[in-house]
Amino acid sequence: MRRPVYLDHHATTPMDPRVLEAMLPYFTEKFGNAASRSHAYGWAAERAVERAREQVAALLGAAPQELVFTSGATEADNLALKGALELYTQRGDHVVTVATEHKAVLDTCAWLERSGRARVTYLRPRPDGLLDLDAVAAAIEPRTVLVAVMAANNEVGVLQPLAELGALCHERGVLFFTDAAQALGKVPLDVEAQRIDLLACTAHKLYGPKGAGALFVRRRDPRVRLAPQQHGGGHERGMRSGTLDVPAIVGFGAACALAQEEMAAEAARVGALRDRLWEGLRSRLDGLVLNGHPERRLPGNLNVSFVGVEGEALMMGMRDLAVSSGSACTSATLEPSYVLRALGVHEELAHTSIRFGLGRFTTTEEVDFAVETTVRAVERLRALSPLWPPAGAPSPGPAGAVAAGEPGP
Ligand SMILES: *Cc1c(COP(=O)(O)O)cnc(C)c1O
């Protein structure tokens, strides 16, 4: 077992060796520029890109021509939001989004507001992380251009009701944009069934390389148009100029093809490991709070707060595990996760939250090691803590966990 045990698959995934194998020839003998139309080197590169485009599109239920390759989901998020708001100025200037979106969406929205290009409504999800459809319906105005709601949250793994959101947006005549960076390859997506107009995704979250992503841009019913945010050679139907990173795009395609084959079995296996982790923790520890919806979440996600410990000390005690904490170190201060805060999780509990992210290569042995390491760290800290056991709680309490939104023990 390699240490630290990697349980941070929401941050990035290790590349699948089969993906690397598919990429390798495009660094060396097949080095052509996919935009070179006059010789065989260019044609081979172009063929490889078009095959990858088909593979990515197939996983989304899209047509290949509807995909614009980008450097990743951040760029795709920027292109979707800025591109739509710039093009549809006649239609309006308003965006509806959610407080728990990724920074690539929130910071882009903030820039649109600051620069006077848009007004933005930030909806607050329910305490379990799910968005209330009535709240979305109520937030749509006559001048709303676009609704941006992520498919799966990168911290708590919550899966939003895409089909319902898509139907609502279509009925109201506004564009539906979803950041699906966490969802692609983990849960089924279908831009037709879910009526998605714009979708951002990235290769490195599904065992592909870093630096390749895509934006799905619907071609009909409605035909979505975007103002390009990068100008140059007119690549990618003019929506994203710049020489394509052929090896990375080939890897993205290979990763999508593997996911299409293996997603169902993998979700069941990873989901069972995640359940084993949760059961292991809660059979041995009291005072756990599960953050996010207990069922409607990514199979590999478990986000837990530990009552009565200090967040930073907990991370220090878990150095054999590569996990993320709900405390983000911004310069001098320790900020609690804005996602957990938006779900109404108390600041102290947000600081003690750990995001476990399991993936394709996670083993049972690693999960059992994670349980052991976490239990030991929590018990040691609680033995020293004036906050444990919590005032008024029977000690030692019966083994029990509380669901999101309920008061802790
Ligand atoms: C990782 C991630 C991004 C950023 O993707 P990059 O390809 O790293 O730019 C955006 N949105 C979500 C939800 C993510 O998880």
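About the criteria used
- Residues numbered from 1 in each chain as written.
- Predicted model: local features only at pLDDT ≥ 70, side-chain atom pairs only at ≥ 80, totals over all residues.
- Heavy atoms only, no water.
- pLDDT = per-residue confidence, 0-100.
- Contact = heavy atoms within 4.5 Å.
- Buried < 20%, exposed > 50% of the residue type's maximum accessible area, 1.4 Å probe, protein only.
- Helix = DSSP H or I, 4+ residues; strand = E, 2+ residues; numbered from the N terminus.
- Arc of directions from axis to C-beta.
- Near = heavy atom within 4 Å.
- Polar contact = N/O pair within 3.5 Å; in protein donor to acceptor, adjacent residues only side chain to side chain.
- Areas by Shrake-Rupley, 256 points an atom, 1.4 Å probe, with all protein chains shown as cover.
- Pairing = 2+ DSSP bridges.
- Axes fitted to C-alpha atoms, helices over the stretch in contact; angles between N-to-C directions.
- Salt bridge = Lys/Arg side-chain N within 4 Å of Asp/Glu carboxyl O.
- Phe/Tyr/Trp six-rings, centres within 6.5 Å; stacked < 30°, edge-to-face > 60°.
- Lys NZ or Arg CZ within 6 Å of the ring centre and 35° of its normal.

**Things to note about the confidence of the model for the chain**
No. 1: Averaged over the chain, the pLDDT score is 94; the fraction of residues at 70 or greater is 94%.
No. 2: Here residues 396-409 is a poorly scored stretch, pLDDT under 50, and it has 25 contacts once near neighbours within four places are set aside; other chains count.

**As for helix H6 (residues 162-172)**
No. 1: Within H6, the full set of buried residues consists of Leu 162, Leu 165, Gly 166, Leu 168 and Cys 169. All buried residues of H6 project into a common sector of 165 degrees when viewed along the axis, lining one side.
No. 2: Packing partners of the buried residues in H6 comprise helix H5 (133-139), strand E5 (144-148) and strand E6 (175-179).
No. 3: Following H6 by one or two positions, Gly 173 adopts a phi angle in the positive range, close to 75 degrees.

**Topic: the site of the ligand**
No. 1: Taken together, 13 residues surround the ligand, and among them Thr 74, Asp 179, Gln 182, Thr 202 and Lys 205 come closest.
No. 2: In this structure, Asp 179 approaches the ligand through a side-chain N or O atom, which is 2.6 Å from a nitrogen atom.
No. 3: Between an oxygen atom of the ligand and a side-chain N or O atom of Thr 202, the distance comes to 2.6 Å.
No. 4: With the chains in place, 87% of the 380 Å² that the ligand exposes on its own is no longer accessible.
No. 5: In terms of residues, the shell around the ligand owes the most to one element, helix H3 (residues 73-87), which gives 3 residues.

**Description of the sheet that holds E6**
No. 1: Strand order in the open sheet formed by 7 strands is E2-E8-E7-E6-E5-E3-E4, with mixed pairing between adjacent strands. Only two strands of the sheet have a single partner each, and these edge strands are strand E2 (67-70) and strand E4 (119-123). Here the average twist between neighbouring strands, direction ignored, is 20 degrees.
No. 2: Pairing analysis gives 3 bridges linking E6 to strand E7 (residues 198-202), with the strands arranged parallel. Bridged to Thr 178 within E7 is Leu 199.
No. 3: Contacts from helix H4 (residues 103-114) reach strand E3 (94-98), E4, E5 and E6 within the one sheet, and its direction differs from that of E4 by about 145 degrees.

**Examining the pattern of salt bridges**
No. 1: Per the counting criterion, the structure on display carries 21 salt bridges.
No. 2: One salt bridge in this structure joins Asp 8 and Arg 355, with 2.9 Å as the shortest N-O distance. Residue Asp 8 is found in the loop between strand E1 (5-6) and helix H1 (17-23), and its partner Arg 355 is found in strand E15 (residues 353-357); the two are separated by 347 residues along the sequence. Each member of the pair Asp 8 and Arg 355 is classed as buried.
No. 3: Here Glu 372 and Arg 284 are joined by a salt bridge, their closest N and O atoms 3.0 Å apart. In this pair, Glu 372 sits in helix H11 (residues 364-384) while Arg 284 sits in helix H7 (residues 246-284), placing the two residues 88 residues apart along the sequence.
No. 4: When salt bridges with common partners are traced through the structure, they connect Asp 16, Arg 18, Glu 262, Glu 266 and Arg 360 into a single cluster.

**Some words on the pairing of E5**
No. 1: Judged by how many residues are buried, E5 sits mostly within the fold: 5 of 5 residues are covered.
No. 2: Summarising the sheet, E3 and E5 pair through 3 bridges and their orientation is parallel. Of the residues in E5, the one forming a bridge with Val 95 is Leu 146.
No. 3: The pairing of E5 with E6 spans 3 bridges and is classified as parallel. What sits directly across from Leu 146, in E6, is Leu 175.

**Thoughts on the packing of aromatic side chains**
No. 1: Following the criterion strictly, the structure yields 3 aromatic pairs and no others.
No. 2: Over the face of the ring belonging to Tyr 338 we find Lys 103, whose NZ or CZ atom lies 4.3 Å from the ring centre.
No. 3: The ring of Trp 388 is capped by Arg 382, whose NZ or CZ atom sits 3.7 Å from the centre of that ring.

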